[in-house]
Amino acid sequence: MTNNIPDNASILVRSFGMDTRKEAVFRMAFKMHTRRHYQLLESGDDRVAHLSIVDIDGPGGTELARNLHQSEPGLRILVTTISSPADCIFPILQKPVRMETLFPALEALLLDTPRTTEKQDTNVKPIRPDITVPVTSLNTQQASPPPAPQNASEVPVAPSKPAPVLRPEEVQYFNSDEGLLGLLKIAQRDQGISVISDQNQCAVLRLDPSADQAAALIDDEQLQQLCQVSASNLQLRAPRDGDSGENSSLRHMSLQSLLWQVAAWTANGRLNQKLPLNAPVQLKQWPNLTRLPMLPDALRLAAFLARSPASPALTVKILRIEPRDLFNFLAAADSLELLRYNTPENPGNLVRIPHDSASLETEIPAAKRSFLGRLLKRIAGI
């Protein structure tokens, strides 16, 4: 199959049983792989996948893989696990996943003839007619996915996405010192326990910066809407009795996590006006992405900008990343004071050019020499 696929074609992959952090690592691996273009499908993408990767270490993982095989005998399935089950009928990718084992396993799966019902392991129990695989557990919105092609040469090839284009005249800007984000930054600076209330004087956020704690009294949709509201409609004040009330929507999180997410929502595809489009910007340190809401291409951007300073315009060109995703990431990183950039308002925050002799391990101390660490090494010379 793989010999007659154009180099610019996409091999569509769907994941099952993975959280967003694990999916982000696979997406990063696929983007760093240069020999072939693999693409991990989003949950709402209803295109037919060429391959499926199932993490069977979670609850019901093995049963999920078997149900997928039972419902689609022609589906090419690769399972990932720490310990290989004795009765597994699928190709196994042993954890920790490494570059040198991931892509050979995918290539072998592409060349393999899809398993049919006749080749099915006798240990696989048929699914009763009254039992269906839950849509949510499949991480897809397809109720009845179309059958995968039975002939490897018939696998449809998706065209590669065009390279993103950044047009300076179309770039929109925002002020990170205004609105909800501005109030959160003030609260972070003052370090006192405080409350942010809306125009009706109803508390929406309770903040304790010294403990890096925050509590939201509204849901994410309402909070996202407040990110586009003028600061004149919001108030930062001392807490009062009854601010929490009987609100059942109270959710606790770290203030760092709240700042990161609110900054990305506030940016909404716009560039922070403090950051010139063609001036270099750099990460001071690696953000703790395991404890922050995941943003599109955050791992890739963090690895690139922690290694070398680059302007937003150059970053889009080199990484072929959507400008809005870059702008949202920069806003989130700046909200945690993780960025270096040269502006008149920020004279002491100078971008530093790393020495050639500096090692990746010293510049990005949080990177482990595991799958992610290897990926970081791969893109260090970009």
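Residues numbered from 1 in each chain as written. Predicted model: local features only at pLDDT ≥ 70, side-chain atom pairs only at ≥ 80, totals over all residues. Heavy atoms only, no water.

Quick word on the pattern of salt bridges
And then number 1: Counted by the stated rule, this structure contains 11 salt bridges.
And then number 2: The partner of E23 in a salt bridge is R27, and the shortest N-O contact between them spans 3.9 Å. Taken together, the residues E23 and R27, both in helix α1 (residues 20-32) and 4 residues apart, mark about one turn of the helix. Taken as a pair, E23 and R27 share a single burial class, namely buried.
And then number 3: In the salt-bridge network here, residues are joined through shared partners; they are K22, D55, D57 and K95. (Salt bridge = Lys/Arg side-chain N within 4 Å of Asp/Glu carboxyl O. Helix = DSSP H or I, 4+ residues; strand = E, 2+ residues; numbered from the N terminus. Buried < 20%, exposed > 50% of the residue type's maximum accessible area, 1.4 Å probe, protein only.)

Comments concerning the packing of α1 against helix α3 (residues 99-111)
And then number 1: Viewed as axis vectors pointing N to C, α1 and α3 meet at an angle of 80 degrees, and their least axial separation amounts to 12 Å. In terms of their interaxial angle, α1 and α3 are classed as roughly perpendicular. Where α1 abuts α3, its residues F26, A29 and F30 lie against M99, L102, F103 and L106.
And then number 2: For the contact of α1 with α3, the residue count by class is 7 nonpolar, no polar and no charged. (Axes fitted to C-alpha atoms, helices over the stretch in contact; angles between N-to-C directions. Parallel < 35°, antiparallel > 145°, perpendicular 65-115°, else oblique. Contact = heavy atoms within 4.5 Å. Nonpolar A, V, L, I, M, F, W, Y, C, P; charged D, E, K, R; others polar.)

With respect to helix α6 (residues 255-267)
And then number 1: Its 13 residues place the ends of α6 18 Å apart at the C-alpha level, agreeing with the 18 Å of an ideal helix rising 1.5 Å per residue.
And then number 2: Two residues or fewer past α6, N268 is found with a positive phi of approximately 50 degrees. (Expected span 1.5 Å × (residues − 1).)

With respect to the sheet that holds strand β11 (residues 251-254)
And then number 1: Read across the open sheet, the 5 strands follow the order β10-β7-β8-β9-β11; overall the sheet is antiparallel. At either margin of the open sheet sits one strand with a lone partner, and together these are β10 (235-237) and β11. Averaged over neighbouring strand pairs, the angle between their axes works out to 20 degrees when direction is ignored.
And then number 2: Judged from the 4 bridges that link them, strand β7 (residues 194-197) and strand β8 (residues 203-208) form a sheet pairing that is antiparallel. Bridging across to β8, S194 finds its partner in L207.
And then number 3: Against the sheet, α6 makes contact with β8, β9 (213-216) and β11, and its axis sits at roughly 90 degrees relative to β11, the strand it touches most. (Pairing = 2+ DSSP bridges.)

A few points about the packing of aromatic side chains
Aromatic rings in a pair are described by how distant their centres are and how their planes are angled relative to each other.
And then number 1: With the rule as written, the count across this model stands at 5 aromatic pairs.
And then number 2: By the ring-pair criterion, three or more aromatic residues cluster together here, those being F26, F30, Y38 and F103. (Phe/Tyr/Trp six-rings, centres within 6.5 Å; stacked < 30°, edge-to-face > 60°.)

Some thoughts on the pairing of strand β3 (residues 51-55)
And then number 1: Counted residue by residue, β3 has 5 buried out of 5 residues, so it is predominantly covered.
And then number 2: Of the two faces of β3, the one lined by L51, I53 and D55 and the one lined by S52 and V54 are each fully buried.
And then number 3: Relative to β3, strand β1 (residues 10-16) is paired through 4 bridges, and the arrangement is parallel. Pairing of F16 across the sheet is with V54, part of β3.
And then number 4: Note: β3 against strand β4 (residues 77-81), 4 bridges, orientation parallel. When the bridges of β4 are listed, V54 appears paired with V79.

By themselves, these observations are geometric and do not establish any function.
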